[in-house]
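Each chain, written out:
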Amino acid sequence: MTWAFGDFRLDPERFQLSHCERPVRLEPQVLTLLIHLVRNRDHMVSKDEIVAAVWQGQAVSDASISSRIRSARQAVGDNGVRQAVIRTVHGRGFRFIPEVSTLPLEHASVEGIVHQPLDRPGGRPSIAVLPLQQLGMLPELAILGDAIPHEIIEALSRLRWLAVIARGSSFRFRQVAADLDLVSAALTARYVLSGIIESHNRIIAVTLELTDTSSREMLWADRLVAPVEDIGDLRARIVAHLVSALEAHIPFNEARIARLSDPTGLDAWANYHIGLGHLYRFTTDDTALAQVCFERAVKLDPHFARAHAGLSFTSFLDAFLRLTPDPALATREARRHAERSLELDALDPFANFTMGRTFWLTDEPEVAADWLARATALNPNYAQGFYAAAFTDMLNGKAAASFTALDTSLHLSPLDPLLYGIHGVRAQMLIQQEDHEAAASWADRAATTPGAHYLIAMIALAANGLAGRHDQAARWRRQVHRRKPDATVADYFAAFPTRDTASRARIAMELRRHGF
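Residues numbered from 1 in each chain as written. Predicted model: local features only at pLDDT ≥ 70, side-chain atom pairs only at ≥ 80, totals over all residues. Heavy atoms only, no water.

Chemist: Would you explain the pairing of strand S6 (residues 86-89) in this entry?
Modeler: Along any regular strand the residues' side chains alternate between the sheet's two faces. Where S6 lies against strand S7 (residues 93-96), four bridges are found, and the strand directions are antiparallel. Considered in S7, the bridge of Ile-86 is made with Phe-96. In sequence, S6 turns back onto S7 through a hairpin of three residues, with Gly-91 there showing a positive phi of about 80°. (Pairing = 2+ DSSP bridges. Helix = DSSP H or I, 4+ residues; strand = E, 2+ residues; numbered from the N terminus.)

Chemist: I tried to follow the sheet that holds strand S1 (residues 2-5) on my own but got confused; where do I start?
Modeler: Working definition: the strands of a sheet are paired by backbone hydrogen bonds and lie parallel or antiparallel to each other. Pairing is antiparallel in the open sheet, where five strands are placed in the order S4-S3-S2-S1-S8. Whereas interior strands pair on both sides, the edge strands pair on one side only; in this sheet they are strand S4 (22-24) and strand S8 (101-103). Each adjacent strand pair in this sheet contributes to an overall mean axis angle of 30°, direction not counted. Bridge analysis of strand S2 (residues 8-11) against strand S3 (residues 16-19) gives four bridges, and the strand direction is antiparallel. From the neighbouring strand, Arg-9 faces S3, where its bridge partner is Ser-18. Contacting S1, S2 and S3, helix H1 (residues 28-39) runs over the sheet at an angle of about 95° to S2. (Axes fitted to C-alpha atoms, helices over the stretch in contact; angles between N-to-C directions. Contact = heavy atoms within 4.5 Å.)

Chemist: Would you explain the side chain of Gln-384 in this entry?
Modeler: Among the secondary structure elements, Gln-384 is positioned in helix H14 (residues 383-395). A distance of 3.3 Å separates the side chain of Gln-384 from the side chain of Asp-416, its partner in a polar contact. (Polar contact = N/O pair within 3.5 Å; in protein donor to acceptor, adjacent residues only side chain to side chain.)

Chemist: Any chance you could explain the packing of helix H13 (residues 365-378) against H14 here in plain terms?
Modeler: Angle between the axes and distance between the axes: these two values describe a pair of packed helices. Contact geometry for H13 and H14: axes closest at 9 Å, N-to-C directions at 160°. Judged by the angle between their axes, H13 and H14 are roughly antiparallel. Relative to H14, H13 is oriented so that their crossing is left-handed. Residue-level inspection shows Pro-365, Ala-368, Ala-369, Leu-372 and Thr-376 of H13 in contact with H14, the latter providing Gly-385, Phe-386, Ala-388, Ala-389, Thr-392 and Leu-395. Of the residues assigned to the contact of H13 with H14, the class counts are eight nonpolar, three polar and no charged. (Parallel < 35°, antiparallel > 145°, perpendicular 65-115°, else oblique. Left-handed = near helix turned anticlockwise from the far one by under 90°. Nonpolar A, V, L, I, M, F, W, Y, C, P; charged D, E, K, R; others polar.)

If you want it as structure tokens, here you go:
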């Protein structure tokens, strides 16, 4: 609903006051006060009630209350002498005077943002990043309470799947323990990132919390610490660590909520997030289910770039893992969907990532490298982009570049869904360097990581055999036969077409020795 009095409209759901259909900019506490007065217009509101509503019962001075009352009066054309709207009841409290009519809620646009009902809106997830609350900060470091959230906002703005509320809006919520109801209503944010920054004995600690504003559930929290002298490194770690965490936790939460909803009412983004949940399980059935979800998303929104990229990913898996009897067709489909995704959004790192990987399938790693470099340039915190770049460098025999990219990927996303691939690429690079002992250790880690498929088990088989660990190699041979009975040496090199002929010969000999 919307309340109307004179030329003013007050919308408590959207947390917005407008005058003659133009928004009135107010501090959140002032707007909260005005909403409380209008909601309780049938009686006098005491100062204690105002403190409870605006400051959640914290101790505040009369001067603070008077300041908010004065700002509220100015917003509605009132003042301390002319009290036609907000009247002081001396010594007791305040009354809202005008006649108020109730209007039905209309889904209108304010400042270019389309506001939706807050029960669980569809569309792209949105996040508000609040200023950090400061505890015991040295005066010369106080700016970090704003500087770090500002850097986070800049980094998150590179993520095409996440709508980030602008700094000018989210930084209006500076009060301690900002009320999530106010934040979510004012900014239509589905998620809020808040936190504390504190210093003690020249040690800086930053605690971050990610909250779902609909359920009030805390989805993720972490604490990062560094000496004051290393504040630059800490700021970079916070941004990289956070981007990786959001890439994991928000899509998982969106998919979880979508699965609890009526499947016939799911929008394109909900189908996309459910598809992502299946995509990273790397089985025939889950890949097929992911494809169905992405196809639904495209049907609902033909211009949804990320859904087309998702279809490229499923087709890539069909070709790469030989899940289809026609890998050549799957390769063409992977390229076609990636091209369509890029037509719709050339700046999406995921679209560039999927395009780059299609060139693995056609044995063109040099071309793949260019697309993957573009993906990580668009998002310098894109862990999977660095992993894919490392894979490409491995194919080209560029050991130093491959190891550097693997370290970056692992640093950005230590629990990434493609972690098995990160370890597997390292193992293959070590085989090229003829360090078979180390290769076997990394290959074992890769093959025992969740999501690892039969090709990763083949890496472990080859690495262990070359290292002389024949019992372990035999165990991995049985695993390969169990997962894909018809696996061949050709399947291995179709997936990993390395240019290093010497290591290819050693791997092929070892696989053939085990009956492939």
